[in-house]
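Read off the chains here:
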Amino acid sequence: MKIINVRAKSIYTKSKIPGVDWVVNQYVGCQFACKYCYAKFICKWKPYGEWGGWVEIKVNAPELARKRVYGEVFMSSISDPYQPIEKELKLTRRTLEAMNKRNKLSVLTKSPLVIRDIDVFKMFEKIEVGLTINSFEGREKRLIEPFAPVQRARVNALKTLKDEGIKNYAFVSPIIPGITDVEEIIRETRSFTDYYFFEILNLKAAGREFKELLMENFPESYKIMVDEDKFWRFIKDLIDLIKRSNIKAEGVEVHRRGWEFIEVR
Ligand code: SF4
């Protein structure tokens, strides 16, 4: 694993993510190395090798984080703030500690390490913390997310956040037809999850290699992803399921000809 220490000029970057004004990436790169990761594109500008093989560390992130910014701040978009290196380095923790507590913050991770920082989350006026839940286990997990924490640990972390009074959300992503068991995820988490956000796999952003992985190992899923009729039937069934479940859902993010957000009310 290559570790690259850099000094950044700024830690708040204007965001193009819908609903997000600023993103904070104290790390760039991610040791979880998920096969579909949409942040892989960053390798074009970083001469460090393959995605998952390096992490850039903004050593001065805590100094830069003090500023008050207006609007929604999202941590993080091109890394996981609680990837393994964070356990020792505590860069995310120090960045959060330094941050203006009046900033409106949303933290998203796949790691149960996030519960270590509950004491810091409690200092923020407006904060929500999400866990990515996608039900990948066994063969699916080995192929798609081999290094990310197991589902059980993520679900437990989501529950602990709730028990500690932190607003939480489940980011159900990526939803891949025939692989992601949305019904089971809702059943397992509904009693302690404040709200849900659903995202269908963005096949284009996942890259050519992931597309091939899907074609080869999950041909039925791939067929649904690339067939307009089958795809939209799948989306309709998913929305029906969400409505039936009677949960608080922000909506379903769909990437087809562009970005689409389907509200579920
Ligand atoms: S945890 Fe998130 S940022 Fe890290 S590799 Fe996986 S999808 Fe990408």
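Only a predicted model underlies this, so the values are computations on that prediction, with no experimental measurement involved.

Residues given the UniProt feature "domain: Radical SAM core" (unreviewed entry) here are residues 15–243. Taken as a whole, residues 15–243 contains 38% helix and 19% strand, while its terminal C-alpha atoms sit 30 Å from one another.

To continue, consider the packing of helix 9 (residues 208–217) against helix 10 (residues 219–226). Running from amino to carboxyl end, helix 9 crosses helix 10 at an angle of 125 degrees, the nearest separation of the two axes being 5 Å. By the angle class used here, helix 9 and helix 10 are oblique. Listed contacts from helix 10 to Lys 211, Leu 214, Met 215, Glu 216 and Asn 217 of helix 9 are Pro 219, Tyr 222 and Met 225. Here the residues of the contact of helix 9 with helix 10 are counted per class, giving 5 nonpolar, 1 polar and 2 charged.

Attention now goes to the pattern of salt bridges. Where side chains of opposite charge bring their charged atoms close, a pairing between them can arise. The tally for this structure, following the rule as stated, stands at 21 salt bridges. Its salt-bridge partner being Arg 102, residue Glu 125 comes within 4.0 Å of it at the nearest N-O pair. Of this pair, Glu 125 sits in the loop between helix 4 (118–121) and strand 8 (126–133) while Arg 102 sits in the loop between helix 3 (91–98) and strand 7 (104–109), and the two are 23 residues apart along the sequence. Among the ionic pairs, Asp 194 bridges to Lys 162, the shortest N-O distance being 2.6 Å. Taken together, the positions of Asp 194 in the loop between helix 7 (182–189) and strand 10 (195–200) and Lys 162 in helix 6 (residues 151–163) put the pair 32 residues apart, joining distant regions of the chain. Taking the relative accessible area as the measure of exposure, Asp 194 reaches 25% and is therefore partly exposed. Where salt bridges share partners, they join Glu 86, Arg 93, Glu 97, Arg 116, Asp 117 and Asp 119 into one cluster.

The next subject is the sheet that holds strand 7. Judged by pairing direction, the sheet is mixed, and its 9 strands sit side by side in the order 2-3-6-7-8-9-10-11-12 without closing on themselves. Bordering the open sheet on either side are strand 2 (12–14) and strand 12 (259–262), each of which pairs with just one other strand. Taken pair by pair, the neighbouring strands of this sheet meet at an average axis angle of 25 degrees, ignoring direction. In the sheet, strand 8 pairs with strand 9 (residues 167–175) via 6 bridges, with the strands oriented parallel. Across the sheet, Gly 130 pairs through a bridge with Tyr 169, a residue of strand 9. Running at roughly 160 degrees to strand 8, helix 6 makes contact with strand 8 and strand 9 of the sheet. Sheet strands in contact with helix 7 are strand 8, strand 9 and strand 10, and its direction is about 165 degrees off that of strand 10.

Here we take up unusual backbone geometry. For the bond running from Met 75 to Ser 76, omega is 5 degrees, close enough to zero to count as cis. With respect to the helices and strands, Ser 76 occurs in the loop between strand 6 (72–75) and helix 2 (86–89). The amide bond that connects Ser 173 to the next residue, Pro 174, takes the cis arrangement and shows omega of -10 degrees. Residue position: Pro 174 is located in strand 9. The phi angle at Ala 33 is positive, at roughly 50 degrees, despite the residue not being glycine. Within the element layout of this structure, Ala 33 appears in the loop between strand 4 (27–28) and strand 5 (54–58). With a phi angle near 60 degrees, Asn 246 is a residue other than glycine that sits in the positive phi range. You can see Asn 246 is positioned in the loop between helix 11 (228–245) and strand 11 (249–255). For Asn 246, a relative accessible area of 66% corresponds to the exposed category.

What counts, and at which threshold
Residues numbered from 1 in each chain as written. Predicted model: local features only at pLDDT ≥ 70, side-chain atom pairs only at ≥ 80, totals over all residues. Heavy atoms only, no water. UniProt positions renumbered as here; feature names shortened; annotations may be inferred. Helix = DSSP H or I, 4+ residues; strand = E, 2+ residues; numbered from the N terminus. Axes fitted to C-alpha atoms, helices over the stretch in contact; angles between N-to-C directions. Parallel < 35°, antiparallel > 145°, perpendicular 65-115°, else oblique. Contact = heavy atoms within 4.5 Å. Nonpolar A, V, L, I, M, F, W, Y, C, P; charged D, E, K, R; others polar. Salt bridge = Lys/Arg side-chain N within 4 Å of Asp/Glu carboxyl O. Buried < 20%, exposed > 50% of the residue type's maximum accessible area, 1.4 Å probe, protein only. Pairing = 2+ DSSP bridges.

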